Amino acid sequence: MSDKFGIPRQSGIVKELTGKIIFESEFRVKEALNGIEEFSHLWLLWEFSENKRDSWSPTVRPPRLGGEKRKGVFATRSPFRPNPIGMSCVKLERIEYTKALGPIIYVSGVDLMNGTPIYDIKPYITYTDCVPDAVQGFAEEYKNYALNVDFPQELLDRIPKDKQAALIGILRHDPRPAYQNTSDRIYGVRYMNFDVHFKVKNDTLTVTDINTI
């Protein structure tokens, strides 16, 4: 994704959305990845590079609460933080070793912009990182939130077939700003080289047009 608008709000919710990790020249060392292929998922620690600010707020408005209720910043995963550090759990798809760029890690379930600086990569370990009986606070109510997507076939056919599922996944999870909920408003989200227009009424998102950028 080239814009913040439309990026999934959590990693893993759009499993079809893929990305690749390219190392800076000093870290293009094959041995540094020895054994990583034994793991199915990875933790990525990265920077909210488009949300740098000189000040911070102790409270934020989580999107799933409609943008009206405030919660403490440390009780949320808001990108507007004292230190703009994000974390994502992604699926390791494959590793490609190239002469020009060294090792490239291909992952899925991403929630990052193109060019996001990644600070570190760590393996996801089930017996320590997964807590089945963990309490999820206000996020529990919205874990299954999704819109119905009405995507006319003649518009969907403009998207490459291998990228259609990811786009539908992005739309299902409602890319609109939390404070905007006008049924007759036309929104737009950039996906690849397409500008996808849509509107939302009740629980249904309808794609109205697609333009090539």
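Whatever comes next refers back to the structure up there.
Residues numbered from 1 in each chain as written. Predicted model: local features only at pLDDT ≥ 70, side-chain atom pairs only at ≥ 80, totals over all residues. Heavy atoms only, no water.

Visitor: If you had to explain the overall build of the protein to someone new, which residues and values would you point to?
Guide: Helix and strand content of the protein: three helices and eleven strands. Along the chain direction, N to C, the helices and strands of the protein fall in the order β-β-β-β-β-β-β-α-β-α-α-β-β-β. For 213 residues, the compact-globule estimate of 2.2 N^0.38 gives 17 Å, and the C-alpha radius of gyration of the protein, at 18 Å, lies within 12% of that figure. In terms of overall dimensions, the protein has C-alpha extents of about 55 × 45 × 40 Å along its principal axes. Residue burial in the protein is summarised as follows: out of 213 residues, 34% are buried. (Helix = DSSP H or I, 4+ residues; strand = E, 2+ residues; numbered from the N terminus. Rg over C-alpha atoms; globule rule 2.2 N^0.38 Å. Buried < 20%, exposed > 50% of the residue type's maximum accessible area, 1.4 Å probe, protein only.)

Visitor: With reference to specific residues and values, describe the nonpolar core.
Guide: Across soluble globular proteins, nonpolar side chains have a tendency to be buried as a group. Grouped together as the largest cluster of nonpolar side chains are 35 residues, with contacts concentrated most on I105, F151, L171, V207 and I210. Residue assignment for this core shows that the elements contributing at least two residues are strand 2 (41-47), strand 5 (85-98), strand 6 (102-108), helix 2 (153-156), helix 3 (161-172), strand 9 (187-191), strand 10 (194-201) and strand 11 (204-212). Dropping the residues within four chain positions of it, F151 is found in contact with L156, L167, I168, L171, V207 and I210. (Core = buried A, V, L, I, M, F, W, Y, C linked by side-chain atoms within 4.5 Å. Contact = heavy atoms within 4.5 Å.)

Visitor: Explain helix 3 to me, using residue names and the numbers behind them.
Guide: In an α-helix there are 3.6 residues to a turn, and that puts residues three or four apart on one side. Here helix 3 spans 17 Å end to end across twelve residues, near enough to the 16 Å set by a 1.5 Å rise per residue. Within helix 3 the residues assigned to the buried category are Q164, A166, L167, G169, I170 and L171. On its buried face, helix 3 is in contact with strand 8 (148-150), helix 2, strand 9, strand 10 and strand 11. In the stretch just after helix 3, D174 is the one whose phi turns positive, near 60 degrees. (Expected span 1.5 Å × (residues − 1).)

Visitor: Which residues make up the sheet that holds strand 1 (residues 18-22), and what values go with them?
Guide: One open sheet accounts for five strands, arranged 1-6-5-2-7; its pairing is antiparallel. The open sheet has two edge strands, strand 1 and strand 7 (118-123), and neither has a second partner. Across this sheet, the average inter-strand angle for adjacent strands is 40 degrees, counted without regard to direction. For strand 2 and strand 7, the ladder comprises five bridges, and the chain directions are antiparallel. Across the sheet, the residue bridging to L42 is P123, located in strand 7. (Pairing = 2+ DSSP bridges. Axes fitted to C-alpha atoms, helices over the stretch in contact; angles between N-to-C directions.)

Visitor: Tell me about the state of the cysteines, and name the residues and values.
Guide: Note on terminology: a disulfide is the covalent bond linking the sulfur atoms of two cysteines. Scanning the entire structure with this criterion turns up zero disulfides. Lacking any disulfide linkage, C89 is separated from the closest cysteine sulfur, that of C130, by 9.8 Å. (Disulfide = S-S within 2.5 Å.)

Visitor: Give me the pattern of salt bridges: which residues, what numbers.
Guide: For the structure shown, the criterion picks out four salt bridges. One salt bridge in this structure joins R94 and E96, with 3.6 Å as the shortest N-O distance. Residue R94 is classed as partly exposed on the basis of its relative accessible area, which comes to 45%. Across the pair D174 and R176 runs a salt bridge, and its minimum N-O distance is 2.8 Å. Each member of the pair, D174 as well as R176, is classed as buried. (Salt bridge = Lys/Arg side-chain N within 4 Å of Asp/Glu carboxyl O.)

Visitor: How would you sum up the sheet that holds strand 9? Please name residues and give values.
Guide: Taking strand neighbours across the sheet as the criterion, the four strands line up as 8-11-10-9 in an open arrangement whose pairing is mixed. One side of each edge strand has no neighbouring strand; the edge strands of this open sheet are strand 8 and strand 9. Each strand axis lies, on average, 35 degrees off the axis of its neighbour in the sheet, ignoring direction. The strands touched by helix 3 are strand 8, strand 9, strand 10 and strand 11; relative to strand 9, the strand with the most contacts, the crossing angle is about 145 degrees.

The values reported here are purely geometric and, on their own, carry no functional implication.
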